[in-house]
Amino acid sequence: MTDYAIYDVFTGTALAGNPLAVVFDADELRDARMQMIAREFNLSETVFVLKPEHPAHTARLRIFTPERELPFAGHPTVGAAIALADRRLGGAAPANGMDMVKMLEEVIGAVRCAVRIRPGEAGFAEFDLPRLSRRLDIDIEPADIGAALGLDPHEIGFENHRVSLWSAGVAFVLVPVHDQAAAAKAECNAAEWDRVAPMGDGKLAYPYVYCRGGMHHKACFHARMFAPGDGIPEDPATGSAAAALSGAIHQFDGLLEGNHALVIEQGVEMGRPSLIHLHISCTGPDVSHVRIGGEAVRIAEGRLLI
C-alpha cells in the first residue's frame with residue numbers, strides 16, 4: 001500500500017489550477033504499474049516519488065501522463081516539491097514559516113527547487129530550468145497549424161511573434177494569436193494535428209496557443225495547451241510549455257540584459273485558472289537563467305490499495 005496526495009498546482013485556490021497526483025514511496029512500483037496508476041488517476045500528470053540516486057538529493061521523480069512518461073514537466077516539479085515539504089512538516093507550517101531548497105532528480109537531470117511555506121498560505125515553489133529553451137529548425141506551415149486548431153490565417157501571429165517550435169526538454173509548437181478571442185476560439189482536431197504537426201525531441205510536438213495580456217491583472221500572456229495524443233484534450237497549466245515559451249519571448253521580444261519577471265495565465269477557458277511565474281535572466285544578448293514557479297494547495301490524500 002502506498003500513500004498519495006492530490007494537489008492543485010499553479011494556483012492558491014482549491015479546485016483551480018492543474019490537478020496533480022503525487023504518489024509517495026514508489027520505489028517498489030515497476031514502470032508498467034506506474035503507467036497504469038497514472039491512467040487510473042487520469043490527470044494530466046501523476047508524479048511518483050522515489051529514493052534519490054545521489055544521497056545529497058531530496059528525491060527522484062518519475063512523471064507520467066495517462067499515456068507516456070515525460071523527461072520533465074513543470075507542474076509535477078512544483079507540486080512534488082511542495083508536497084514533500086508539507087509531508088516533512090506534517091502538514092503544519094511553523095509559525096515563522098520555512099524556506100528550503102530541494103534537489104529533485106528527473107529523467108532530464110537534477111532540478112534545483114526552492115520552496116516557501118507560510119502559515120495560512122498556499123505553498124510556493126520555484127525551480128531552475130535544467131535545460132534552457134532552444135529553437136528547433138523545422139519547417140512549419142502556419143496555415144496548416146491554424147487549420148488543425150480552427151484558426152484563420154489572419155488570427156495567427158502578433159508583432160514579431162510567429163509560429164515556431166521550441167523545447168526546454170519537451171517540444172511545443174508555439175502558436176501566437178492576435179488576442180484572447182482568437183485564443184478562446186482555438187480547438188484542436190486530434191487527427192488533423194497528427195497529420196501536420198512536427199516532431200521535436202523524438203516526440204510529436206503539441207500546440208501551445210498564446211497571446212499578450214490576460215483576464216488576471218498580473219498576466220503578461222494568456223495561453224492554452226492541447227495534448228490529445230497523451231489523453232489530455234486540454235491542460236490547465238503547462239510549466240514545460242512556459243519553459244519553451246521563454247526562448248520565444250527572448251527572441252521575438254528582444255529582451256535586454258537584466259531580469260524579466262513575467263506571469264502566464266492558462267486554464268481560463270476550462271474554468272481552472274492558473275498563474276505560472278516565469279523569470280528570465282539575460283546576460284548580454286543571451287538567456288543565462290530561467291526559473292518557473294507557482295503555488296499549490298493539497299485538496300485530497302489517501303492510500304493506494306494495490
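**Overview of the overall build of the protein chain**
Check the secondary structure of the protein chain and you find six helices and 19 strands. For a compact globule of 306 residues, the expected C-alpha radius of gyration is about 19 Å, and the protein chain comes in at 19 Å, within 12% of that figure. Taking the principal axes of its C-alpha atoms as reference, the protein chain extends roughly 55 × 40 × 35 Å. Residues counted as buried form 56% of the 306 residues belonging to the protein chain. Of all intrachain contacts in the protein chain linking residues separated by at least 6 positions in sequence, the fraction that spans at least 24 positions is 63%. Accessible area for the protein chain stands at about 12900 Å²; split by element, carbon and sulfur atoms hold 49% of it. When the 27 basic and 40 acidic side-chain charges of the protein chain are each reduced to a single mean position, those positions are 6 Å apart.

**Some remarks on the packing of aromatic side chains**
For the coordinates displayed, the defined rule picks out seven aromatic pairs. Aromatic side chains Phe48 and Phe64 sit 5.7 Å apart centroid to centroid with 90° between the ring planes, which places their arrangement in the edge-to-face category. Taken together, the positions of Phe48 in strand E3 (residues 45–50) and Phe64 in strand E4 (residues 59–64) put the pair 16 residues apart, joining distant regions of the chain. Owing to a relative accessible area of 0%, Phe48 belongs among the buried residues under this scheme. What makes Phe64 buried here is its relative accessible area of 4%.

**Examining the pairing of strand E11 (residues 171–176)**
Along E11, six of the six residues are buried, which leaves the element largely enclosed by surrounding structure. Of the strand pairs in this sheet, strand E10 (residues 164–167) and E11 are connected by four bridges, and their pairing is antiparallel. Considered in E11, the bridge of Leu165 is made with Val173. Between E10 and E11, which pair antiparallel one after the other, the connecting turn spans three residues, and Gly169 there sits at a positive phi close to 130°.

**With respect to the side chain of Arg224**
Along the chain, the position of Arg224 falls in strand E15 (residues 221–227). For Arg224, the side chain forms a polar contact with the main-chain oxygen of Ala184, separated by 3.1 Å. When residues no more than four places from it in sequence are discounted, the contact partners of Arg224 are Ala183, Ala184, Lys185, Ala186, Pro207, Tyr208, Val209, Glu234, Gln266 and Glu269.

**Here's the deal with the pattern of salt bridges**
Per the counting criterion, the structure on display carries 22 salt bridges. Two residues, Lys51 and Asp27, come together in a salt bridge whose shortest N-O distance is 3.8 Å. Taken together, the residues span a long stretch of sequence, with Lys51 in the loop between E3 and E4 and Asp27 in the loop between strand E2 (18–23) and helix H1 (31–41) at a distance of 24 residues. Since its relative accessible area comes to 59%, Lys51 is described here as exposed. The class of Asp27 is partly exposed, set by a relative accessible area of 29%. When the shortest N-O distance is used, the salt bridge between Asp253 and Arg212 registers 2.7 Å. Residue Asp253 is found in helix H6 (residues 239–253), and its partner Arg212 is found in strand E14 (residues 206–212); the two are separated by 41 residues along the sequence. Looking at Arg212, the relative accessible area reads 31%, which means it is partly exposed. Taken together, the salt bridges that share partners define one network made up of Asp3, Asp25, Arg87 and Arg303.

**What about the nonpolar core?**
Counting residues in each nonpolar core, the largest one holds 90 residues, and the members touching the most others are Val175, Tyr208 and Tyr210. Among the elements that take part in this core, H6 stands out by supplying eight residues, more than any other. Setting aside residues no more than four positions away along its own chain, Tyr208 makes contact with Phe172, Val173, Leu174, Val175, Ala223, Arg224, Met225, Ala241, Ala242, Leu245, Ile264 and Gln266. Core analysis: the second largest hydrophobic core is formed by 15 residues, Val23, Leu29, Ala38 and Phe41 among them.

**Structural notes on the pairing of E15**
Among the seven residues that make up E15, seven are buried, leaving the element largely enclosed by the rest of the structure. Where burial is concerned, the two faces of E15 agree: the one with Phe221, Ala223, Met225 and Ala227 and the one with His222, Arg224 and Phe226 are both buried. With five bridges connecting them, E14 and E15 associate as antiparallel partners. Within E15, the position partnered with Cys211 by the bridge is His222. When E15 meets strand E17 (residues 258–266), the two strands line up parallel, connected through three bridges. Looking at E17, one finds that His222 is bridged to Glu265. Bridge count between E15 and strand E16 (residues 232–235): two bridges; the pairing is antiparallel.

About the criteria used
Residues numbered from 1 in each chain as written. Predicted model: local features only at pLDDT ≥ 70, side-chain atom pairs only at ≥ 80, totals over all residues. Heavy atoms only, no water. Helix = DSSP H or I, 4+ residues; strand = E, 2+ residues; numbered from the N terminus. Rg over C-alpha atoms; globule rule 2.2 N^0.38 Å. Buried < 20%, exposed > 50% of the residue type's maximum accessible area, 1.4 Å probe, protein only. Contact = heavy atoms within 4.5 Å. Areas by Shrake-Rupley, 256 points an atom, 1.4 Å probe, with all protein chains shown as cover. Lys, Arg positive; Asp, Glu negative; His and termini not counted. Charge placed at Lys NZ, Arg CZ, Asp CG, Glu CD. Phe/Tyr/Trp six-rings, centres within 6.5 Å; stacked < 30°, edge-to-face > 60°. Pairing = 2+ DSSP bridges. Polar contact = N/O pair within 3.5 Å; in protein donor to acceptor, adjacent residues only side chain to side chain. Salt bridge = Lys/Arg side-chain N within 4 Å of Asp/Glu carboxyl O. Core = buried A, V, L, I, M, F, W, Y, C linked by side-chain atoms within 4.5 Å.

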